[in-house]
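Examining the three-dimensional arrangement
One letter stands for each residue in the lines below.
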Amino acid sequence: EDGIRDYKVTGVQTCALPISEAYFEQHRAEFDAARIARFRVTSETAARHAYQRIRRGELNFFEAAQEAHFERAGAGEGRMFAFVRRGSLAAEQAALLFSAAPGEVVGPIPVADGFDIVRVARIEPARLDEPTRDAIEGILFRRWLEERRAQDRKSTRLNSSHLVISYAVFCLKK
């Protein structure tokens, strides 16, 4: 699948531009982005306590992050700083992050293995730049691939050259 997408991007990229622009205009808000710092706490009680201490000024965000890291003994190593798009978040998470002002701390936000406390560094309105075009092309390609797979479930397995040729035809029709 990745090889097919790579071939598509280099082999038929010219047909994606108008499709990318139309998709972007229809889904612009999903491409708003936030630059954040975050740390995870395993229990809701501990997360609420840390959040309140930060809000009262008893502890700064980064000190709280360090404490949480040491308490977890390095479990769940991850990146503290992240770039997230609105469309990649659950609706509740997106609402919290994108309504916050830069420098504001929000949380605790429930996640799969605990609760995140997040400091919003910057909110960036959506722009149709190269990374956004790449993201849109990936979305459209995955959607197209799923449609092809659904159509071809009854047939034998398709080989990758058939998918690439079919995708080129799909692009040219747009």
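This part takes up the pattern of salt bridges. This model, assessed by the stated rule, comprises 13 salt bridges. With a shortest N-O distance of 2.7 Å, Asp 116 and Arg 40 are connected by a salt bridge. Of this pair, Asp 116 sits in strand 4 (residues 114–124) while Arg 40 sits in strand 1 (residues 33–41), and the two are 76 residues apart along the sequence. A relative accessible area of 26% means that Arg 40 is categorised as partly exposed.

Turning next to the pairing of strand 4. Pairing of strand 1 with strand 4 involves nine bridges; the strand directions are antiparallel. Within strand 4, the residue paired with Ile 36 across the bridge is Val 120. Alignment of strand 3 (residues 105–111) against strand 4, held across five bridges, turns out to be antiparallel. Bridge pairing in strand 4 links Val 111 to Gly 114. Where strand 3 folds back on strand 4, the antiparallel hairpin that results is connected by two residues.

This paragraph deals with the packing of aromatic side chains. On inspection of all chains with the given rule, the structure shows six aromatic pairs. Ring centres 5.2 Å apart and planes at 55° place the aromatic pair Phe 39 and Phe 61 in the tilted group. Taken together, the residues Phe 39 in strand 1 and Phe 61 in helix 4 (residues 61–71) connect sequence positions 22 residues apart. Under the relative-accessibility criterion, Phe 39 is labelled buried at 7%. Judged by its relative accessible area of 4%, Phe 61 falls in the buried class. Three or more aromatic residues joined by ring pairs form one cluster here, namely Phe 39, Phe 61, Phe 62 and Phe 81. When the ring centre of Phe 98 is taken as reference, the NZ or CZ atom of Arg 86 above it lies at 4.2 Å.

At the junction of Gly 107 and Pro 108, the peptide bond is cis and its omega measures out at -15° in the coordinates. Of note, Pro 108 is situated in strand 3.

When pLDDT is low, close inspection of the predicted coordinates is not appropriate. Averaged over all residues, the pLDDT of the protein equals 80, while 75% of them reach at least 70. For the protein, per-element mean pLDDT is lowest for helix 1 (residues 2–11), which scores 44, and highest for strand 4, which scores 94. pLDDT under 50 marks residues 1–16. Its contacts with residues more than four places away, or in other chains, come to 24 contacts.

Turning our eyes to something else, we now look at the nonpolar core. The biggest cluster of nonpolar side chains holds 15 residues, and the ones touching the most others in it are Phe 39, Val 41, Ile 54, Phe 61, Ala 64, Val 105 and Ile 117. Mapped onto this core, the elements with two or more residues apiece are strand 1, helix 3 (44–56), helix 4 and strand 4. Excluding anything up to four places from it in sequence, Ile 117 contacts Ala 37, Arg 38, Phe 39, Ala 47, Ala 50, Tyr 51, Ile 54, Phe 61, Val 105, Val 106 and Pro 108. Membership of the second largest hydrophobic core comes to 12 residues, among which are Ala 94, Ala 100, Val 118 and Val 120.

Before going further, it helps to spend a moment on the environment of Glu 58. One can find Glu 58 in the loop between helix 3 and helix 4. Within the local environment of Glu 58, its side chain forms a polar contact with the side chain of Arg 56, the two groups lying 2.7 Å apart.

A few words on the environment of Leu 97. Here Leu 97 lies in helix 5 (residues 91–99). Leu 97 sits 23 residues away from Val 120 along the chain, and the two C-alpha atoms are 6.9 Å apart. When residues no more than four places from it in sequence are discounted, the contact partners of Leu 97 are Val 84, Leu 89, Val 106, Ile 109, Val 118, Val 120 and Ile 123.

Cut-offs applied
As a convention, each chain's residues are numbered from 1 in the sequence order in which they are written. Under the rules for a predicted model, residues below a pLDDT of 70 receive no local features and side-chain atom pairs below 80 are neither given nor counted, while totals for whole chains, interfaces and linings still include all residues. Note that water and hydrogens are dropped before the side-chain values are worked out from all heavy atoms of the structure. Any Lys or Arg side-chain nitrogen found within 4 Å of a carboxyl oxygen on Asp or Glu counts as a salt bridge. Secondary structure counts use DSSP, requiring at least four H or I residues in a row for a helix and at least two E residues in a row for a strand, with both numbered from the N terminus. Here's how the labels work: a residue is buried when its accessible area is under 20% of the maximum for its type, exposed when over 50%, partly exposed in between, all with a 1.4 Å probe on protein chains only. DSSP calls a pair of strands paired once it identifies at least 2 bridges connecting them. The criterion for an aromatic pair is that two Phe, Tyr or Trp rings (for Trp, the six-membered ring) have centres within 6.5 Å, with stacked assigned to planes under 30 degrees apart, edge-to-face to planes over 60 apart and tilted to the rest. Each ring is checked for a lysine NZ or an arginine CZ that lies within 6 Å of its centre and within 35 degrees of its normal; such an atom marks a charge sitting over the ring. Across the chain, each position has a pLDDT score giving the predictor's confidence in that residue, from 0 to 100. Whether two residues are in contact is decided by their heavy atoms: any pair within 4.5 Å suffices. The criterion is simple. A nonpolar core is a set of buried Ala, Val, Leu, Ile, Met, Phe, Trp, Tyr and Cys residues joined through side-chain atoms within 4.5 Å. Here a polar contact means two N or O atoms within 3.5 Å. Within protein one must be a hydrogen donor candidate and the other an acceptor candidate, and residues neighboring in sequence count only if both atoms are side-chain atoms.

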